[in-house]
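Descriptive structure summary
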Amino acid sequence: MFDKVLITKEQIDKKVKEISAKISEDYKGLNPIFICIMKGSMFFTADLLRNVTTPAQLDFMCVSSYGSSTESSGVLKIKTDLTTDIENKHVIIVEDIIDSGNTLYNLKNLLQTRNPASVKICAFLDKPDRRVREVKVDYVGYEIPDEFVVGYGLDYNEDFRTLPDVRILSRSVYEK
Ligand code: PRP
């Protein structure tokens with residue numbers, strides 16, 4: 001089912017702490033709001049915020065560019081919007097992965113129309129080979145090759161999100 005474990009739980013824990021420390025330093029005194037992009041980002045966001053030492057806020061959005069397909073449609077669907085007004089706030093969008101870039105490109109543009117003080121992006125995984133939209137990722141965990149990865153929030157047809165590590169899904173699973 002899986003070709004291999006790409007990123008172990010120990011590597012995840014270490015990287016999350018590094019990113020949290022950097023964000024805590026960069027946002028000292030700014031009371032940033034972290035926006036968890038559901039569903040994939042919920043584990044990463046929770047781990048990140050447990051380690052952020054500066055006061056911060058949290059909100060969620062449910063968005064999708066994929067449906068049940070493995071190819072991005074390029075059209076962002078907002079399924080659940082924020083409950084917080086982000087005007088004049090320092091926003092950090094938290095994603096599990098940036099792939100084509102469509103989701104974060106459209107989402108950042110959308111949030112910028114709400115007049116925040118700033119908007120930055122934090123993505124645990126980055127697949128640069130797949131990019132079709134140029135997007136600046138301000139905080140990144142790991143750059144990974146163009147493989148179908150699951151675990152630590154990432155799914156295939158809603159399965160495998162709860163795996164504690166990031167694994168490469170075998171082609172035989174998604175090409176059948
Ligand atoms: C995944 C991921 C990002 C997006 C990245 O979400 O969480 O939001 O795809 O891909 P892109 O850079 O090509 O736009 P998905 O739509 O699969 O929803 P999920 O988080 O609920 O799994």
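In this report, the structure presented in the accompanying data block is examined.

About the cut-offs
- Residues numbered from 1 in each chain as written.
- Predicted model: local features only at pLDDT ≥ 70, side-chain atom pairs only at ≥ 80, totals over all residues.
- Heavy atoms only, no water.
- Helix = DSSP H or I, 4+ residues; strand = E, 2+ residues; numbered from the N terminus.
- Buried < 20%, exposed > 50% of the residue type's maximum accessible area, 1.4 Å probe, protein only.
- Contact = heavy atoms within 4.5 Å.

Describing unusual backbone geometry
Omega for the peptide link from Met38 to Lys39 comes to 0 degrees, which places this bond in the cis form. As for its placement among the helices and strands, Lys39 is situated in the loop between strand E2 (33-38) and helix H2 (42-51). Notably, Asn88 is not glycine yet its phi reads approximately 65 degrees, a positive angle. For Asn88, the position within the fold is in the loop between strand E4 (77-80) and strand E5 (90-98).

Details of the environment of Pro128
Here Pro128 shows up in the loop between strand E6 (118-126) and strand E7 (139-143). The class for Pro128 is partly exposed, based on a relative accessible area of 32%. For the pair Pro128 and Asp99, spaced 29 residues apart in the sequence, the C-alpha separation amounts to 6.8 Å. Setting aside anything within four residues of it in sequence, one finds Pro128 in contact with Glu143 and Ile144.

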